[in-house]
Structures are given as structure tokens and as C-alpha cells.
Amino acid sequence: MPKIKPRVPLPKRPPEERIKDFNEVALGYDEKLAIEEASRCLQCPNKPCVKGCPVGVDIPRFIKLIRERRFEEAYKVIKDKCPIPAITGRVCPQERQCEKYCTLAKLGQPIAIGALERFVADWAREHGIAVEHAPKTSVGKKVAVVGSGPAGIVVAADLARLGYEVTMFEALHVPGGVLVYGIPEYRLPKKIVYDEINYLRELGVNIEIGVSVGRTITVYDLLDEYDAVFVGTGAGHPRFLNVPGENLNYIYTANEFLTRINLMRAYLFPEYDTPIHRGKRVAVIGGGNTAMDAARSALRLGAEEVHVLYRRTRAEMPARKEEIENAEEEGVKFVFLVQPKGFIGNDLGNVSEIMLKKMRLGEPDASGRPRPIPTGETITFQADMVINAIGFYPNPLIPQTTPEIKTDKKGRIIVDSEGRTSMPRVYAGGDIVIGEGTVIEAMGWGRKAALAIHKDLTINKKI
Amino acid sequence: MPRIYEVLRKKILAPRIKEMDVYVPQIAKSAKPGQFVIVIPDEKGERTPLTLVDWNRDEGWVRLVFLEVGVSTMKLGMKEPGSTLYYVAGPLGNPTHVEKFGTVVVIGGGVAIAAAYPIARAFKEVSNHVISVIGARSANLLIYEELMRSVSDELHITTDDGSKGMKGFTSDALVALLNKGLKPNLVWMVGPAPMMKACSEVTKKYRIKAIASLNPIMVCGMGMCGACRVKVGGKIRFTCYEGPEFDANEVDWDELIFRLKMYQKEELEALKLFLSKYGLGGDTHA
Ligand SMILES: Cc1cc2nc3c(=O)[nH]c(=O)nc-3n(C[C@H](O)[C@H](O)[C@H](O)COP(=O)(O)OP(=O)(O)OC[C@H]3O[C@@H](n4cnc5c(N)ncnc54)[C@H](O)[C@@H]3O)c2cc1C
Ligand SMILES: Cc1cc2nc3c(=O)[nH]c(=O)nc-3n(C[C@H](O)[C@H](O)[C@H](O)COP(=O)(O)OP(=O)(O)OC[C@H]3O[C@@H](n4cnc5c(N)ncnc54)[C@H](O)[C@@H]3O)c2cc1C
Ligand code: SF4
Ligand code: SF4
Ligand code: FES
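Given the structure is predicted, the values throughout are model-derived calculations rather than measurements. (Residues numbered from 1 in each chain as written. Chains lettered and ligands numbered in written order. Predicted model: local features only at pLDDT ≥ 70, side-chain atom pairs only at ≥ 80, totals over all residues. Heavy atoms only, no water.)

### Concerning the sheet that holds strand E2 (residues 165-170) of chain A
Residue and element names in this part refer to chain A.
(1) Moving on: Spatial ordering of the open sheet is given by E3-E2-E1-E4-E15, a layout of five strands whose pairing is parallel. The open sheet has two edge strands with one neighbour each: strand E3 (206-209) and strand E15 (426-428). Here the average twist between neighbouring strands, direction ignored, is 20°.
(2) Moving on: The strands touched by helix H17 (residues 439-459) within the sheet are strand E1 (142-146), strand E4 (228-231) and E15, with E15 carrying the most contacts at an inclination of about 160°. (Pairing = 2+ DSSP bridges. Helix = DSSP H or I, 4+ residues; strand = E, 2+ residues; numbered from the N terminus. Axes fitted to C-alpha atoms, helices over the stretch in contact; angles between N-to-C directions. Contact = heavy atoms within 4.5 Å.)

Here is the structure:
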């Protein structure tokens, strides 16, 4: 076994500079660094890394092509399986997916698969490389895609390439789902998302914005006009703690806070019309990626102190390691083993204090992590702004207005292994099916559902 | 053929109150009384909720009536016929539950009299005895009087300064009606939150079923952000997709009133900047 070289670090902007703006933090590899990192790959014949990727990108092959400076071909290899590599390369939790299964993970540091994927996608964009899509022969069938997040993007792209006439419906004014309203600019520049959406348009996908399916038009209406309907409406419905004082002013849900910033550009207020409160001492409740995004965004809005309050300890935090490190480098502080019991406001109805229950770790719960148990002790914590990032439920609008689509206890749409719902000709995938997943998992579902639609409509002509 | 989001007509109803017909056939097609839209005036604009006052399915337009209170509504007010808005989404929210209750009092305050109009009309269409109470600060700000009269069995008017109708608030008119022995089966109300609070104090006292159409600050309009949350009967409810109508006797009005003031500082700052650039738009005399 040759001696393993250390992983080539991904260049980043220094913390003191990057917290002053919303521009991207990680700068990405240049050609030299990319080739250096690609050279570490062992080209394992059994390709263990591929099995960690929900869409099955041929990882060793594209890495080999990078090593040979054949970037354009590398791009085509990735693009064959993953339609939005500039995005997945940036936001996939690689340490739990492809990189987790890399042979080198056991020996030392896994190949930086995400960073390499990002390099190739950025290189292709800078060099104006477009992947030619096979000239499509129309199959003469129409499909409606509801929701324009990663699941919807993949279904639309796959079916358009197969010759379907695809119309995508999005309630908000910008397509992209969480990619545009949730994930901050400093992790995923919105320009990249717009480019990917333009790619859909080039494929002939018709995108209708401002259409709330269930209200503007129902699933029943869509079934009259389309041969099949895909529901990819995500899990964007915020949860609450159900404790006193939760509606006090300046207690935001993470979704509202991030939507104001990302979608509405409130950080550029008053040039943009949507306002946002700029808290001085900010508390963020939760320990996931959303909490990290909210905390780092609050810093960028000029907060003096940002504290993440989490009910377990660092080891149990669900956020990506890289994001926790980034947050810490930027000055975010962590308070562990606390759980809000209530919020106290001033005479203007603005939050001023949080009452916290102190917790300790107990036996593992259903998630396998130790359960937090109250110690009985209560403390107070001053804060003039609070961001609640404790999680989401599936978006209720379509299930609420389409009772034929069966859901489980948690409100998730029930599908078979290929994405078919209980209602004929209606398919679903992404967070509306799995609850809170990842971008690439949503895409994996989109791919499965597209295949099922193609099978049912054209190959087997079941419908 | 008009373009989508095109402003077809604009009318000044009273100082700073405008009526606008916008071409959005997909919304006109499915609009029902009690629903609203979210409008973005231009690409830097806010997502602004406005009630659907009327619509025409064949011609594909919806009618909005708004009071210019800040940057978004002023930007909207500056749009001329032939120009297009940036975005209009809807219809959002649940339609009003309309059935024959018997006697229904419909209360509209200020610019929201226009929002009360399709509701009064719908209650009237199913043969309710409709008693409408409309109020404004002053006679020159009273809108939709004739339209409301045309869909009501009785119309009562209040003004804060007594320049028309009864001097006082809509809640005072409601008390007067109840004192005369009126026993309505339902009171339906829309208007500024303090007005609805006052009216609901009356309905609570007299134990009358009451529905209020709420107007909290919104962002997404589709259940995703929670900006529109209100407390009703002690529970958190989302106005945009569970409302906009709730049991008026159960709403935590003080909390809603606080929440509506959340961005006062920022709104004022933006308004000053806007006025320094554009002035008042030139129709204050209307
Ligand atoms: C703040 C945040 C950070 C995250 N960070 C990461 C990360 O770093 N890496 C990662 O892999 N994952 C991350 N995730 C998770 C990831 O974004 C989601 O798993 C993924 O976006 C789900 O995709 P989707 O297509 O199922 O739904 P979404 O992306 O939620 O898209 C659903 C779309 O449907 C629209 N819609 C909903 N209802 C209707 C309707 N009735 N009619 C029309 N349109 C409708 C919505 O407006 C939305 O645009 C993050 C999530 C959040 C909230
Ligand atoms: C369901 C619903 C229906 C409505 N229907 C009408 C209508 O038919 N006609 C009408 O004139 N107004 C209506 N409103 C209120 C209207 O949306 C606000 O007046 C408008 O958004 C103010 O924006 P601005 O920028 O002009 O003023 P700003 O300077 O932003 O604010 C001025 C006042 O408006 C309130 N406000 C600000 N932003 C919002 C927002 N996004 N949503 C709600 N209120 C806000 C604030 O409390 C503030 O007191 C409705 C509101 C809701 C929620
Ligand atoms: S798409 Fe995500 S999981 Fe798959 S190879 Fe790329 S970074 Fe890894
Ligand atoms: S497992 Fe790691 S080293 Fe092996 S081929 Fe995949 S990326 Fe290369
Ligand atoms: S306005 Fe966003 S949830 Fe109601």
C-alpha cells in the first residue's frame, strides 16, 4: 500500500472577512489543486464510493478524467447521473454519503469527492460547456411537476429528455425550492441555481410561477390536462416548541428568517423592500444545518453575539461537521443541554429573555441518540432575537386538498418503492415523502419517479 | 390580449385608496369570496397580501382595492394601466364559509370595506338577511357605499368624526343594533385589528358567533414561513393557509396588534427614502 498523502484542503475566505458579507465562503479548487487531489484516488475496482451516492455518479471515472486534465469529459460523466453538480458538489453531506464509503476514509482522509465535483461543474460553466441532450422525439405525453426543488428539477429534466412535454408549477416567485429560499448565498450562490433552472428551460420545460397547487388549480384539474402529476412540494412547514411566548416579536422560524434574507434579499434593505430585524444578541434553537445557516446569517446581519442553544451535546448535533466548524470559526457560540421552556417579552411585545430547562443525557431514543432529560434546573438567557430551527413538517397544502393521496402519521405522502402514491397517475418524491432529507436524496427520488412515470406511461402503457 | 399581470384599469376611490383591475386569468378562474392574492410590485418589491374584491372569469381579471400606507402599496399605486406587476399569486387562503345562517351582520372598516363587499354579496346570494356596517375615519374616506348598499338589506355608516352617518366606530353601531334587540346569527368582520378587537369584545359579551378575516404580516402565503402566525383559542394557527378567517371571539388580538408593529422603524425609514425619491405620487387631492 503506497503512503497516503493528506487531503488537499479546500481554500476558504478568512472568517473576519467573510462575516462581513453574504458572498461564498469556500473558494473551490483551481486546476492544480484539483489534479493534486484527484491523484490521491486509488481507482478502486469495486467502486465503494459510488454506493454512497444516491444517484450513482461514476466517481472513480470522473476523478480519473480530472487527473488526465480531461475536464470536459469528466463533466459529462457526472452530468450523466447528476443534473446539478455545481449544487450537489457544494451542499451534499458528503461525509455521510459518497465520502463515507471511500476506501481512504478508513485509512485517513477520504477523497474530497464533493470539492472535485464542484470544480468540474464550475470549470464547465466558466468554459461554456453545455451537455448536448439527445434530440428529443416527442412521446406525445404531458406531465405536471408540482414544486421546483431538487426533486422536481430532476423529474422535469429526466422526462423532458425522454421527450415528454413538462410543465412545472411553483407557488413562489422564483423556482428552486430550498435551494433559493433556504440555503444561504454564502454556501450556494443563487446564480448557480438560476443557471440550472435555465438548463431546464433549454430542455423545453415550461415553468409556471405563482401557482399554488391546491388553490390556484387542484391536482384533479391537473389530472384532466396531464397524463401524470409529480408532487415534490417538500417539507417546508415549520414546527413550534409549543411553549408560552412563542409568538413574541423577533422570534422567527428559521424559514421566515432565511426566506427574508435569501429569497427577498432583506439584507439589502432598504434597496429591497422586505425588512428584517437585526438583533444584537441572537439565540438560535436547534442543532441541524438549518440552525447553522440561521446562526451564520444572523452574524452577517451584524449581530454582536450569536448563540446556538441545543438540547443535547456537540457529539449528537445533526449538522454537517464542516458547517459547525465554519460557524465556530466565524464566532458562533454554543450552549449545550438546554431546552426552551418559555419566552418573556417587554412591553412592546418584543422578546427579551428565554427561560431554559437544563438537560442531561439519558438512554438512547428511537433515533439512537441519547435522549435529553430535564434536570429540573431552570436558567434564563437574554436575547433580543430568537430563531427557531427545530425542524419541519411536510407541506400540508396538497394532502389537505387531495384526500385521495394517502399520508402517514407525520403527514408524509406514502409511495411505493418507485414513487407511486395511492392516487392513480400521481407520483411523489423528495422531502414530502421522506420528511427532512437532503438535496441529493430528493434528486434520487425524482429520478426514480421519472422512471416509473416513463414505465407506466410509455413502456408498459399501463395508463 | 392583455399580458399576464397587466394593469387594465386604475381608479382613485378616496385619498390614497386605489382600485386596480389586474389581468391574471388563472386566479380569476378559481377565485372565491374571502380569498386573497400576494402581489409583488417590482423585482425589488415585497410580497404584499391583498384581498380579492371582485373578479371576472371570462375576461380574466381580478380587482384589488388598497390603501397606500407604505412603500409596497405606493409602488403599486404608481403602476399605470398597460404596465405589468412583477408577480401575482393566488387565490390564497380558504374561501369564506357561506350558507344561509339567517341574519348576518357584515362589518367593514376603512379600506377593508372593499374586502367586505364580496362577502356581503355572497351571504346575500344565499338569501341571508344582510345588515352591513361600514365605517371610516371621515366621510371623504368612505368607499364602496353604493356597492355595499346594493348587496345589503340594511346599511349603517359610521365615521370617527361624525361627518357622515353615526359618529363613532363600527363597534358602536354594532352595540346600538344589539341594544335595539337585533339577534344576528353571525357577525362577520374585516378591518384594522383594533377595530376587529373592539367588535369582538361586543360579540363575546353578547355571545354571538363571530368570524374575523385577519391581516397579519405575511411573507410566503403558503404555510412555509410562519410569519402570519396568530394565536386562536390558545393555539398557533397560520393565517395564510388555515385562515384568513378565524373565530373572532378566540383571537389573541393584542398579540396580533403587537406583531403588526414589528417593522415600524424599518417601514418608516423605507417610506422616507421612497418619498424623497418619488414624492406623494400627485393624487392626494382626489
Ligand atoms: C436551511 C436549510 C438548509 C439545508 N441545507 C442542506 C445542505 O446543505 N445539504 C443538503 O443536502 N440538504 C440541505 N437541506 C435539505 C434540502 O434542502 C432538502 O432536503 C431538499 O431541498 C428537498 O427537496 P424537495 O425537492 O423535496 O423540496 P423543496 O426544496 O422543499 O422544494 C419544494 C418546492 O415546492 C414548492 N411548493 C410547495 N407546495 C406547493 C404547492 N402546493 N404548489 C406549488 N408549489 C409548491 C415550494 O415553494 C418549494 O419551492 C437544507 C434544508 C434547509 C431548510
Ligand atoms: C390576507 C390579507 C389581506 C389584505 N387585504 C388588503 C386589502 O385588500 N387592501 C389593503 O389596502 N390592504 C390589505 N392588507 C394589508 C396590506 O397587505 C398591507 O397594508 C401592506 O402589505 C402594507 O405594505 P406597505 O409596504 O405599503 O406598507 P409598510 O410600510 O410595509 O407597512 C405599513 C403597515 O402595513 C402592515 N404590513 C406591512 N407588511 C405587511 C404584509 N406583508 N402583510 C400584511 N400587513 C403588512 C404593517 O403592519 C404596517 O402597519 C391585507 C393583508 C392581509 C394579510
Ligand atoms: S452527488 Fe453528492 S453524493 Fe453523489 S457523488 Fe456528488 S457529492 Fe457525492
Ligand atoms: S473509494 Fe475513494 S479512492 Fe476508491 S475509487 Fe472511490 S474515491 Fe477513489
Ligand atoms: S405567510 Fe408564510 S406561513 Fe403564512
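What follows continues from the structure just given.
### A few points about the pairing of strand E7 (residues 87-92) of chain B
Residue and element names in this part refer to chain B.
(1) Moving on: Here E7 lies mainly inside the structure; six of its six residues are buried.
(2) Moving on: In this sheet, E7 lies alongside strand E3 (residues 36-40) in antiparallel orientation, the contact comprising four bridges. Its bridge partner being in E7, Val39 is matched across the sheet by Val88. (Buried < 20%, exposed > 50% of the residue type's maximum accessible area, 1.4 Å probe, protein only.)

### Points about the sheet that holds strand E12 (residues 370-382) of chain A
Residues and elements named next belong to chain A.
(1) Moving on: The antiparallel open sheet is built from three strands, whose spatial order is E10-E11-E12. Each edge of the open sheet carries a strand with a single partner, namely strand E10 (338-345) and E12. Shown here is a sheet whose adjacent strand axes are inclined to one another by a mean of 20°, direction ignored.
(2) Moving on: Direction of pairing for strand E11 (residues 351-364) relative to E12: antiparallel, over a ladder of nine bridges. In the sheet register, Met359 faces E12, and the bridge partner there is Pro374.

### Overview of the site of ligand 2
All names here are of chain B.
(1) Moving on: Near ligand 2 you find 23 residues, and of these Pro49, Val65, Leu67, Thr73 and Leu260 are the closest.
(2) Moving on: Residue Thr73 places a side-chain N or O atom 2.4 Å away from an oxygen atom belonging to ligand 2.
(3) Moving on: When isolated, ligand 2 has an accessible area of 840 Å², and the protein chains bury 85% of it.
(4) Moving on: Listed by contribution, the elements that provide at least two residues to the shell around ligand 2 are strand E4 (48-51), strand E6 (61-67) and helix H2 (71-77). (Near = heavy atom within 4 Å. Polar contact = N/O pair within 3.5 Å; in protein donor to acceptor, adjacent residues only side chain to side chain. Areas by Shrake-Rupley, 256 points an atom, 1.4 Å probe, with all protein chains shown as cover.)

### Focus: the site of ligand 4
(1) Moving on: Taken together, Cys41, Leu42, Gln43, Cys44, Pro48, Cys49, Pro60, Cys102, Thr103 and Ile111 of chain A are the residues near ligand 4.
(2) Moving on: For the shell around ligand 4, the class distribution of residues is eight nonpolar, two polar and no charged. (Nonpolar A, V, L, I, M, F, W, Y, C, P; charged D, E, K, R; others polar.)

### Concerning the interface of chain A and chain B
(1) Moving on: If you look at the interface, chain A gives 41 residues, while chain B gives 45 residues.
(2) Moving on: For the pair chain A and chain B, the summed buried surface comes to about 3800 Å²; carbon and sulfur atoms form 56% of the total.
(3) Moving on: At the junction of chain A with chain B, the criterion picks out two salt bridges.
(4) Moving on: Between Asp273 of chain A and Lys75 of chain B there is a salt bridge, with its nearest N and O atoms 2.7 Å apart.
(5) Moving on: In this assembly, chain A and chain B are joined by 23 residue pairs in polar contact (both at pLDDT 80 or more). (Buried area = accessible area lost by both parts, 1.4 Å probe. Salt bridge = Lys/Arg side-chain N within 4 Å of Asp/Glu carboxyl O.)

### As for the domain arrangement of chain B
Residue and element names in this part refer to chain B.
(1) Moving on: As far as domains go, chain B holds domain 1 (7-92) and domain 2 (103-260).
(2) Moving on: On a C-alpha basis, the centres of domain 1 and domain 2 stand 21 Å from each other.
(3) Moving on: Between domain 1 and domain 2 lies a buried interface of about 1600 Å² when both sides are counted; carbon and sulfur atoms form 67% of it.
(4) Moving on: Put simply, domain 1 and domain 2 have one salt bridge between them.
(5) Moving on: For Asp54, the salt bridge goes to Arg121, with nearest N and O atoms at 3.3 Å.
(6) Moving on: Applying the counting rule to domain 1 against domain 2 returns four residue pairs in polar contact (both at pLDDT 80 or more).
(7) Moving on: Of all the elements in the fold, those that place two or more residues in the side of domain 1 that touches domain 2 are strand E1 (6-14), strand E2 (17-23), E3, E4, strand E5 (54-56) and E6.
(8) Moving on: Broken down by element, the side of domain 1 that touches domain 2 gets its largest block of residues, four residues, from E6. (Domains from an automatic or database assignment.)

### Re the nonpolar core
Residues and elements named next belong to chain A.
(1) Moving on: Judged by nonpolar contacts, the single largest core of 92 residues is most densely connected at Tyr29, Ile59, Phe62, Ile66, Leu116, Leu179 and Ile453.
(2) Moving on: Ranked by residues supplied to this core, first place goes to H17 with nine residues.
(3) Moving on: The next biggest cluster of nonpolar side chains, apart from the first, holds 52 residues, and it includes Leu301, Ala303, Ala327 and Val338. (Core = buried A, V, L, I, M, F, W, Y, C linked by side-chain atoms within 4.5 Å.)

### Considerations on the pattern of salt bridges
One side chain can pair with another of opposite charge once the charged atoms of both are near each other.
(1) Moving on: Using the criterion set out here, one finds 65 salt bridges over all chains in the structure.
(2) Moving on: The salt bridge partner of Glu330 of chain A is Arg18 of chain A, with a shortest N-O separation of 2.6 Å. You can see Glu330 of chain A sitting in helix H14 (residues 321-330) and its partner Arg18 of chain A sitting in helix H1 (residues 15-18), a full 312 residues away along the chain.
(3) Moving on: We classify Arg18 of chain A as buried; its relative accessible area is 0%.
(4) Moving on: Here Glu80 of chain B ties to Lys10 of chain B by a salt bridge, and the two come within 3.3 Å at their closest N and O atoms. Placement of the pair is Glu80 of chain B in the loop between H2 and E7 and Lys10 of chain B in strand E1, with a sequence separation of 70 residues.

### Some points on the packing of helix H2 (residues 31-38) of chain A against helix H3 (residues 59-67) of chain A
All names here are of chain A.
(1) Moving on: Where H2 contacts H3, the axes come no closer than 8 Å and their chain directions differ by 130°. Here H2 is positioned oblique relative to H3, judged by the angle of their axes. The element H2 and its partner H3 pack so that their crossing is left-handed. From H2, Ala34, Ile35 and Ala38 reach across to H3, where they touch Ile63, Ile66 and Arg67.
(2) Moving on: Residues belonging to the contact of H2 with H3 are distributed by class as follows: five nonpolar, no polar and one charged. (Parallel < 35°, antiparallel > 145°, perpendicular 65-115°, else oblique. Left-handed = near helix turned anticlockwise from the far one by under 90°.)

### Some words on the confidence of the model for chain B
(1) Moving on: Looking at chain B, the pLDDT average stands at 94 and 98% of residues meet or exceed 70.
(2) Moving on: With pTM at 0.94, the complex prediction returns an ipTM value of 0.94. (pLDDT = per-residue confidence, 0-100.)

### A look at the environment of Ala248 of chain B
Residue and element names in this part refer to chain B.
(1) Moving on: Following the sequence through the fold, Ala248 ends up in the loop between strand E16 (245-247) and helix H8 (253-260).
(2) Moving on: Expressed as a C-alpha distance, the spacing of Ala248 and Glu146, which sit 102 residues apart in the sequence, is 27 Å.
(3) Moving on: Those residues within four positions of Ala248 in sequence are excluded, and the remaining contacts are Met189, Ser200, Ala210, Ile211, Ala212 and Trp253.

### Notes on the side chain of Ser138 of chain B
Residue and element names in this part refer to chain B.
(1) Moving on: Following the sequence through the fold, Ser138 ends up in the loop between strand E9 (129-136) and helix H4 (145-150).
(2) Moving on: Given the relative accessible area of 17%, Ser138 is considered buried.
(3) Moving on: Only 3.4 Å separates the side chain of Ser138 from the side chain of Ser163, close enough to count as a polar contact.
(4) Moving on: The contacts of Ser138, once residues within four sequence positions are left out, are Thr159, Asp161 and Ser163.

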